Structure formats: structure tokens, C-alpha cells
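An overview of the molecular structure
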Amino acid sequence: MYSTKQKLVLLVVVITIKLSETERDDHNRDGAFPCGHKSSEHHQFPIKSYPLLGCTLSLIKNRHRVIEWTTELLAKSSSATITLTGLFGRSCIYTSNPSNVQHIIKTRFHFYQKDVILRRSLLDLLGNGIFLVDGAKWKFQRQLMSRELKASTFHQLVKTVTMKELSSRLLPLFSSAIEEDHVLDLQDIFRRFTFDMVCQVAFGYDPHYLLPSLVLLNTPLADAYRTAINISMGRKRIEEKKEKQLLTKNPYSLDDFFDRMKDKQMDIYMHASICESMRLYPPVPQESKQAMEDDIWPDGTKVKKGTRVLYNIFAMGRSAELWGPRTYIGKDIAFMQIKLVAANVLRQYRFVPAVEGYSPVYGSCMTSKMRNGFH
């Protein structure tokens, strides 16, 4: 017969199914309370929380769009702060309130450390680097990195490597795709392009992950890195059917393009386009921390020691009240690379989805991406 543990699991499954059935027909009835603090009006949402299960049903339902879902919830909150409760009462607090974010990352910076779950997952891969450490170690590494990234010699190195990758690999690859009417996954292409550049700048080693031919091969270093990421995050690789995108020649002439680019206004437009893209789709959509002490945020939210807190950058970028400049280490270098690539690629090519009307689907884990690539 069933063991006690199996019976408990079976009971939870049965309760979950029953509640799921009831939730559809009993949306406006009393008996279940919204996720969040019952005593705070600005935390009230039409999300049901049940004993033991918390908001698990809603979390499961939105597991493939957690960033978008929490963004929608934060937009409905007058304080831009919500509390979601998971199994057995474990809760985490989401916020896109600038005052709260400043409180977490500046005012009470020492109160909040890297999320323990994330640290355990990535420790073997990243070690005690800047992404996983706190306190004095983080401050030292940030100062070291900041000084290095601001050096003119480093800027020149990045520019040289970027131009070499463009002229010897990326542009020839696009030309080959046109000649052979070949379909490319742009997300995969630029992932390979970036991986090669990072390895050359950081380690002085070229893994040749992107080649100027249409044969895209895996390399030992890239394979090892991808495997390490998958193991660290506890994910299984799932192959999905992908849409396609065609590459065709840009109808504008080179002279016309360069005439436009010579105009300072064009650089302003390109810069603005990059900023807008980063606003809507930040590379890292949210950051998670763990409270090391009891705390109270500027909006009155009470945070208990050990609580996981997340500030949603994706949501902040979609709030009209919060539009404004952002800054971070390496921003100038990142913008320089993007502009170099965009200028050299768009002067020769334009990109057309192979499936007419296809729109990329946003997907995210630690970083933003297109869920099924971009062919």
C-alpha cells in the first residue's frame, strides 16, 4: 500500500485539482484570500491563496511567463509592490517601486545579499566572482572592474575584436546566407558572435564558435560552458520547433546609408533606439536578493529576515512614470559594440521573418531571450 509520504503527496495533488476546478466557477466568492498582505489595500489582487498551497496554482499557470505576469500584477498595485506566497507559507516580495529599489541596493545595501538559491546554483560555475559575492568582496571587485572597463586601452581592444569578428565572420556569413537562400536563427548567430568576442577579450582565446560559413559547429569550450549552465540551473535541454527568418539585401544604397549615418541626428536616433530596446527588454529582467535582517521599506512593506525579495527591472521599464536614464558599469562599451554591429550590418542587409507576420515570443530565465529563437 501507499506510504505516509505518498499519501500526503496524493492528498496535496487531489486538493490542488479540486481547488483548480473550483477557482474557475468561484472567482468572485468569499472563502479564499488574495495573495499579499490582507491588511494593505495596495496589495489586493484577484489571485487566490490557499492554506499550504499559497499562490501555487497561479504560479504554475503562469510559469512560462513569470516576468510578464508579475509585471502585470505590479502595474495594478498602487505601491508597485506585491507579496506572493508559495507552498507552506513561504513568500517572496516583488517590487518595481524606485524608492524600494534604492532602499535595497543603496540605503540598506548591507541588509540584502545575493539570493541563496541563485548562489548555490551558480557557485561551481562562477565561483566567488562579483556576481555571487557581497560586502567587502563585492566592493573590491566592482572597483577593480570599474577601473579596468574605463581604461582607453580596454576600449580599443573591444573595438578591435568587434571589428575583426564583423569583417571576418559575421558579414561573410550573412553574404553566404543570401547567396544560398539559407535560413538563419539570428538569436543563435549573435549568441555565437558574442561568445567569441567575450572569450577573446577576457581570456585572449578564440573558440571559433561562429564561422564565416553556413556550417555552425559546436566547440569544446562552448559545449562545456553550455553544459555547465544547464547543470547549474538544473534545466534539461528541450528542443522546440522554431520559426524561420530569411535574410535579404537591404534595398537602400550604401551611399544613402552612409549619408544618413554621417548626420549626427542618425547617431542620436540609433542611440535612442538602443535605449528603447533596453528599456522594453532589459538583458537581466529582474534581480533577487535575500533579507539578512528584518526591515521596513519606504512604502511601508514589512520584510522579515530570510525573505526573498525581487526588484523587477522589466516592470520598471514599462512604467511611464519611471522612464529615465540608466547607468551601469560597461555601458559605454556595450553601446559602442551595439552601434558598430548595427551600422556594419544594416548598411548591407535587412532581416525578414520567413513566416509572414511572425512575432518573437519573449522568454526569460536569468537573462532575456526569444523563446524559440528568431529565424
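Ranked by internal contacts, the top residues of the largest apolar core, which has 26 residues, are Leu-166, Leu-170, Phe-174, Ile-189, Phe-193 and Val-345. Elements supplying a minimum of two residues to this core: helix H7 (152–179), helix H8 (186–203) and helix H13 (331–346). It is H7 that provides the largest number of residues to this core, a total of nine residues. Ile-93, Ile-104, Ala-291 and Trp-297 belong to the second-largest nonpolar core, a separate cluster that totals 12 residues.

By the definition in use, this model includes 10 aromatic pairs. Plain terms: the ring middles of Tyr-281 and Tyr-362 are 5.7 Å apart, the flat faces sit at 35° to each other, and that makes the pair tilted. With Tyr-281 in the loop between helix H11 (264–280) and strand E7 (286–291) and Tyr-362 in strand E12 (residues 362–364), the pair connects residues that are 81 residues apart, well separated along the chain. Here the aromatic rings of Phe-314 and Tyr-362 are separated by 5.0 Å at their centres, their planes lie at 35°, and the arrangement is tilted. One end of the pair, Phe-314, is in helix H12 (residues 313–317); the other, Tyr-362, is in strand E12, and 48 residues separate them in sequence.

Our focus in this paragraph is a nonpolar patch on the surface. Residues Leu-52, Leu-87 and Phe-88 make up a contiguous nonpolar surface patch of roughly 340 Å² in combined accessible area. As for its placement among the helices and strands, Phe-88 is situated in the loop between strand E3 (81–85) and strand E4 (91–95). For Phe-88, a relative accessible area of 64% corresponds to the exposed category.

Phi is positive for Leu-52, which is not a glycine, with a value near 70°. With respect to the element layout, Leu-52 can be found in the loop between strand E2 (48–49) and helix H2 (56–61). Positioned with a positive phi, His-208 is a non-glycine residue whose angle comes to about 55°. In this fold, His-208 is placed in the loop between H8 and helix H9 (220–233).

Residue position: Asp-134 is located in the loop between helix H5 (116–126) and helix H6 (135–150). Along the chain, Asp-134 and Lys-114 lie 20 residues apart, while their C-alpha atoms are 6.9 Å from each other. A polar atom in the side chain of Asp-134 sits 3.1 Å from the backbone nitrogen of Lys-114.

All told, the structure shown has 13 salt bridges when counted by the stated rule. A salt bridge links Glu-165 to Lys-164, with the shortest nitrogen-to-oxygen separation between them at 3.6 Å. For Glu-165, a relative accessible area of 0% translates into the label buried. The residue Asp-188 makes a salt bridge to Arg-192 at a minimum N-O spacing of 3.0 Å. In this pair, Asp-188 and Arg-192 are both assigned in helix H8, four residues apart and thus about one turn of the helix distant. Residue Asp-188 shares its accessibility class with Arg-192, and that shared class is buried.

Another aspect to go through is the sheet that holds E7. Spatial strand order, E3-E4-E10-E7-E5: five strands in an open sheet with mixed pairing. Each edge of the open sheet carries a strand with a single partner, namely E3 and strand E5 (112–114). When strand polarity is set aside, the average angle formed by the axes of neighbouring strands in this sheet is 35°. Relative to E3, helix H3 (residues 66–76) is tilted by about 125°, and along the sheet it contacts E3, E4, E7 and strand E10 (308–312). Its contacts with the sheet place helix H4 (residues 98–107) against E3, E4, E5, E7 and E10, and it is angled at close to 125° to E10.

As a packed pair, H7 and H8 sit with axes 10 Å apart at the nearest point and diverge in direction by 145°. Here H7 runs over H8; the crossing is right-handed. Seen from H7, the contacting residues are Phe-154, Leu-157, Val-158, Val-161, Thr-162, Lys-164, Glu-165, Leu-166, Arg-169, Leu-170, Leu-173 and Phe-174; seen from H8, they are Leu-186, Ile-189, Phe-190, Phe-193, Asp-196, Met-197, Gln-200 and Val-201. Among the residues making up the contact of H7 with H8, the classes are represented as 14 nonpolar, two polar and four charged.

Rules used in this analysis
Residues numbered from 1 in each chain as written. Predicted model: local features only at pLDDT ≥ 70, side-chain atom pairs only at ≥ 80, totals over all residues. Heavy atoms only, no water. Core = buried A, V, L, I, M, F, W, Y, C linked by side-chain atoms within 4.5 Å. Buried < 20%, exposed > 50% of the residue type's maximum accessible area, 1.4 Å probe, protein only. Helix = DSSP H or I, 4+ residues; strand = E, 2+ residues; numbered from the N terminus. Phe/Tyr/Trp six-rings, centres within 6.5 Å; stacked < 30°, edge-to-face > 60°. Patch = residues over 30% accessible without salt bridge, like charges linked within 9 Å, V, L, I, M, F, W, Y side chains within 5 Å. Areas by Shrake-Rupley, 256 points an atom, 1.4 Å probe, with all protein chains shown as cover. Salt bridge = Lys/Arg side-chain N within 4 Å of Asp/Glu carboxyl O. Polar contact = N/O pair within 3.5 Å; in protein donor to acceptor, adjacent residues only side chain to side chain. Pairing = 2+ DSSP bridges. Axes fitted to C-alpha atoms, helices over the stretch in contact; angles between N-to-C directions. Contact = heavy atoms within 4.5 Å. Left-handed = near helix turned anticlockwise from the far one by under 90°. Nonpolar A, V, L, I, M, F, W, Y, C, P; charged D, E, K, R; others polar.

This is a description of form; function is not addressed.
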